[in-house]
Amino acid sequence: MIKKSLIVLCLLIWFSPVWAQKKTKHPKNIILMIGDGMGVSQIYAGMVGNFGSLHLEQFPVIGFHKNQASNAFVTDSAAGATAFSCGVKTYNGAIGVDANGEAVPTILEIAEQNGLATGLVATCSITHATPASFISHQASRSLDENIALDFLNTDIEVFIGGGRKFFANRSDGLNLVDSLKNRSYQIANTIEEVQQIKSGKLAAFLAEEQQTKFSEGRGDELVKSTEVALNLLKTNKKGMFLMIEGSQIDWGGHANNTKYIVDEMIDFDNAIGKVLEFAKKDGNTLVIITADHETGGFSINKGDTKTGMVEGKFTTGSHTGVMIPVFAYGPGSEKFAGFYENNEIFHKMMNAFRFK
């Protein structure tokens, strides 16, 4: 009898990993957060500037992606974001198209086709390279008016960012804001108006083109926009896909401005904290935090977590080709550990959603 019990116990131990794999939980929701231009140094600068801590530290899974474009060692945001959104390596400047210029379905469009709610939030024009790559298919990131038109080709439920002029004051005379209203979107032009929306579809334009810096009056718009987007999208019983970009970490790198980087990094991390709070409560949400590339060749020469002082140095005013960290939390997060190409993030999200 004892021998039989031991045999059964051994079999349970032996096969338990297999059963565990079969019972792997797949998320209902995926929230992808992109800190544009955010490398390891930008993260640590934010941590030091925030007196030694970030919400980002709570993520249990960490990996790295290699982010080269199809035509260059150093990627831009368009090719980097298209790798995430479409699963293909493409040329710098490409929006939702492959290296041959052919349109490729995005994870947002595929989520819509599968009945999920979708959203985009950014601290730049909503037609800018990163958010555009999830909803548009254009040969060049510079075609803001064409990108704005592409927003009418999906049923995206929520988008919040700048770029009002590309919808309302266009060279072709079209008023896409009216077109959005005809498609049942509620239009908001201030963060206060955004916060008043409790249900339905929302198109919010928080700037004529680009939002201001956090330090120059934007304040906590990103956190508030994130909270509204989560509340609107979570009502879909099938789930959601939401992309949130901390856009101006990149701009601080381009400007070789350490304080700009630190301010934007902390603001982005505050939005991470809001998403993490939602994910912990929900229990069925996969959160992925990464960047498209690093900007500025940024390093930290001095710092003090007691005072929040950060002294940074830069090697360039452009992007660099270094690997970028990926942080993940929630069901399916273990798939984001290790080293992989940036376009694998798309395939990992597709697998997590069980989309074909």
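Residues numbered from 1 in each chain as written. Predicted model: local features only at pLDDT ≥ 70, side-chain atom pairs only at ≥ 80, totals over all residues. Heavy atoms only, no water.

### Quick word on the packing of aromatic side chains
Basically, it comes down to this: Aromatic contacts are taken between Phe, Tyr and Trp rings whose centres are within 6.5 Å, Trp giving its six-membered ring; a plane angle under 30 degrees counts as stacked, one over 60 as edge-to-face, and the others as tilted. Helix numbering and strand numbering both begin at the N terminus, where a helix is a DSSP run of H or I of at least 4 residues and a strand a DSSP run of E of at least 2. Note on exposure labels: buried denotes an accessible area under 20% of the residue type's maximum, exposed denotes more than 50%, and partly exposed covers the range between, all computed with a 1.4 Å probe on protein chains only.
Under the criterion given, the structure shown has 11 aromatic pairs. When the ring of F159 is compared with that of F205, the centres are 5.9 Å apart and the planes differ by 75°; the resulting orientation is edge-to-face. Taken as a pair, F159 in strand β4 (residues 158-162) and F205 in strand β6 (residues 201-205) lie far apart in primary sequence, 46 residues in all. Among the residues examined, F159 registers a relative accessible area of 0% and is labelled buried. A residue is classified by how much of its surface remains accessible, and F205, at 0% relative accessible area, is buried. Consider the rings of F167 and F205, whose centres lie 4.8 Å apart with planes at 50°: the pair is tilted.

### Regarding the confidence of the model for the protein
Operational definition: For every residue, the pLDDT score states the predictor's confidence, bounded by 0 at the bottom and 100 at the top. The contact criterion used is simple: two residues touch if any of their non-hydrogen atoms lie within 4.5 Å.
Across the protein, pLDDT averages 94, with 93% of residues at or above 70. Segment residues 5-22 is flagged for pLDDT under 50; beyond a separation of four residues in sequence, or across chains, it makes 1 contact in the model.

### Regarding the side chain of D250
Relative to the assigned elements, D250 resides in helix α11 (residues 249-254). Those residues in contact with D250 that lie beyond four places of it in its chain are D36, G37, H293, T295 and H319.

### What to know about helix α3 (residues 77-86)
Note on helix geometry: an α-helix contains 3.6 residues per turn, so any two residues three or four positions apart are oriented the same way. What counts here: Pairs of N or O atoms within 3.5 Å make up the polar contacts considered here, provided that, within protein, one atom can donate a hydrogen while the other can accept it, and that residues adjacent in sequence are counted only when both atoms are side-chain atoms.
With 10 of its 10 residues buried, α3 lies for the most part within the structure. What α3 keeps buried is the set S77, A78, A79, G80, A81, T82, A83, F84, S85 and C86. Residue D76 occupies the N-cap position of α3, its side-chain oxygen lying 3.3 Å from the main-chain nitrogen of A78. Of the residues one or two after α3, G87 is the one with positive phi, at around 80°.

### Describing the pairing of strand β13 (residues 324-329)
To be explicit about the condition: Pairing between two strands is assigned when DSSP locates at least 2 bridges connecting them.
Counting buried positions along β13 yields 5 of 6 residues, so the element is predominantly enclosed. Bridge count for strand β2 (residues 61-66) against β13 is 5 bridges, and the pairing is antiparallel. When the sheet's bridge partners are listed, V61 is paired in β13 with A328. The sheet contact formed by strand β8 (residues 285-290) and β13 spans 3 bridges and is antiparallel. Paired with I289 across the two strands is F327, which belongs to β13.

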